[in-house]
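# Structural features, examined
Here is how the chains run, residue by residue.
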Amino acid sequence: MTGPAPAPAPGETFLRTKDGARLAVSVLEPLERGAEDRPVVVLAHGWGGSRRIWSPVTDRLLRSGFPVVAYDLRGHGASTVGASEVTTEAMNADLAAVAHHAGGTPLVVGHSGGGFAALALAAAPEPGARPVGLVLVASAAHDQDTPEKEARMMEAPLFSWALRRPGLGRALLGQMTGTSLAPRLREVNRQVFAATTPQVRAACFRTSRGMDLRAALAEVRLPAAVLAGESDRVIRPELGRELASALPDAVFTSIPRAGHVLPLEDPDAVTEAVIRTAARVGGRARDTGGMKEAGTR
């Protein structure tokens, strides 16, 4: 039996993709280490976000002994778009590249659109990029056919102008979150969404049309957790339940009074899901190691 793959050297770096995009990546060492080795956790944020959305979760994971690798999706934050622009295939390949950089066997946590890429990677892992577990946060495996009217709104100059006004922007994005989110965290959500270019926002929301990963997920035998906010009006909570049903080894958790931005709204719940999933990964590795060991006697 082997332990988790080691994390790469800590620091800030850029990964160059095959199509020339530069992915901004943060590699963070745990602040505390326990008796058990923890898998590297790769964090994939949602569309219109950035690594910053994960800050409350990252802090908790580091204090719980996890190495963390967080990155900005192409065209988001400090990452560039690349020749392939913003497509499903490109974003899936980007996550595979980050997972490879993270040691090849990370526990992948995907929020919203980042969860779509996490599911695709788990369903068709690439050499050197095989997740050992999944945590899907406010995500889905199907029924994400964004109407063209909504995609056009994402790139409309008036919408972008409004997002840049703090009060107006927070009001526009209010339906993304539950009612209990602190005003300062609503402002974080507004800032990262406003910082994403209109073209990238619109392109992202067009990429999931026709997506249906449910059949492919039947073969994904990894420990998984699926979290959904009870008041999520971006990705309906019942789609989270259906996602958990499609995965052979998933646990579903509904978060009361929460909306879509669970990394900010309930970082404790996200962290607890990572800890529980990592424990299941560790238990499976011990069981597998024991069977291999017994077979050699």
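A separate point is the overall build of the chain. Counting its secondary structure elements, the chain contains 12 helices and eight strands. Scaling as 2.2 N^0.38, a compact globule of 297 residues should have a C-alpha radius of gyration of about 19 Å, and the chain matches this with 18 Å. Evaluated residue by residue, the chain yields a buried proportion of 52% over its 297 residues. Accessible surface, the chain: about 13300 Å² in total, of which carbon and sulfur atoms supply 53%. Of the side chains in the chain, 34 bear a positive and 31 a negative charge, and the two mean positions are spaced by 3 Å.

The alternating pattern of strand 4 (residues 68-71) places Val68 and Ala70 and Val69 and Tyr71 on opposite faces, both of which are buried. Direction of pairing for strand 2 (residues 22-28) relative to strand 4: antiparallel, over a ladder of four bridges. Its bridge partner lying in strand 4, Leu28 is registered against Val68. The sheet contact formed by strand 3 (residues 41-44) and strand 4 spans four bridges and is parallel. Pairing of Leu43 across the sheet is with Ala70, part of strand 4. Crossover connection from strand 3 via helix 1 (residues 55-63) to parallel strand 4: handedness right-handed.

Looking now at the nonpolar core. Among the nonpolar cores identified, the biggest contains 60 residues, and Leu119, Leu134, Leu217 and Leu247 are the most heavily contacted of them. The biggest single contributor to this core is helix 3 (residues 113-123), with six residues. Among the nonpolar cores identified, the runner-up in size contains 24 residues, and Leu62, Val137, Leu227 and Ala278 belong to it.

To continue, consider the confidence of the model for the chain. Of all residues in the chain, 94% attain a pLDDT of 70 or more, and the chain-wide mean is 93. Counted against residues more than four places away or in other chains, residues 288-297, with its pLDDT under 50, gives one contact.

So, on to the packing of aromatic side chains. Scanning the entire structure with this criterion turns up two aromatic pairs. When the centroid spacing of 5.3 Å and the interplanar angle of 80° are considered together, the rings of Trp47 and Phe116 count as edge-to-face. Linking Trp47 in the loop between strand 3 and helix 1 with Phe116 in helix 3, this pair joins segments that are 69 residues apart in sequence. For the pair Trp47 and Phe116, a shared accessibility class is recorded, and that class is buried. Relative to Phe205, the ring of Trp47 has its centre 5.4 Å away and its plane inclined at 75°; by these criteria the two rings are edge-to-face. One end of the pair, Trp47, is in the loop between strand 3 and helix 1; the other, Phe205, is in helix 8 (residues 198-207), with 158 residues separating them in the sequence. Residues Trp47 and Phe205 agree in their burial class; the two are buried. These aromatic residues form a ring-pair network of at least three members: Trp47, Phe116 and Phe205.

Before going further, it helps to spend a moment on the pairing of strand 8 (residues 250-255). Of the strand pairs in this sheet, strand 7 (residues 224-229) and strand 8 are connected by six bridges, and their pairing is parallel. Across the sheet, residue Ala225 finds its bridge partner in strand 8, namely Val251. Between the parallel elements strand 7 and strand 8, the chain passes through helix 10 (residues 237-246) in a crossover that is right-handed.

In this section: the side chain of Ser160. Among the structural elements, Ser160 can be located in helix 5 (residues 157-163). One polar contact links Ser160 to Arg201, side chain to side chain, over a distance of 2.8 Å.

A word on helix 3. The element helix 3 is extensively covered by neighbouring structure, given that 10 of its 11 residues are classed as buried. The inward-facing, buried residues of helix 3 contact strand 3, helix 2 (88-101), strand 5 (107-111), strand 6 (133-137), helix 9 (214-217) and helix 10.

This next bit is on helix 7 (residues 183-195). Between its first and last C-alpha, helix 7 extends 18 Å over 13 residues, near the 18 Å set by a 1.5 Å rise per residue. Every buried residue of helix 7 is listed here: Leu185, Glu187, Val188, Asn189, Arg190, Val192 and Phe193. Contact partners of the buried residues in helix 7: helix 4 (148-155), helix 5, helix 6 (166-172), helix 8 and helix 11 (262-265).

What counts, and where the lines are drawn
Residues numbered from 1 in each chain as written. Predicted model: local features only at pLDDT ≥ 70, side-chain atom pairs only at ≥ 80, totals over all residues. Heavy atoms only, no water. Helix = DSSP H or I, 4+ residues; strand = E, 2+ residues; numbered from the N terminus. Rg over C-alpha atoms; globule rule 2.2 N^0.38 Å. Buried < 20%, exposed > 50% of the residue type's maximum accessible area, 1.4 Å probe, protein only. Areas by Shrake-Rupley, 256 points an atom, 1.4 Å probe, with all protein chains shown as cover. Lys, Arg positive; Asp, Glu negative; His and termini not counted. Charge placed at Lys NZ, Arg CZ, Asp CG, Glu CD. Pairing = 2+ DSSP bridges. Right-handed = clockwise from strand over helix to strand, strands pointing away. Core = buried A, V, L, I, M, F, W, Y, C linked by side-chain atoms within 4.5 Å. pLDDT = per-residue confidence, 0-100. Contact = heavy atoms within 4.5 Å. Phe/Tyr/Trp six-rings, centres within 6.5 Å; stacked < 30°, edge-to-face > 60°. Polar contact = N/O pair within 3.5 Å; in protein donor to acceptor, adjacent residues only side chain to side chain. Expected span 1.5 Å × (residues − 1).

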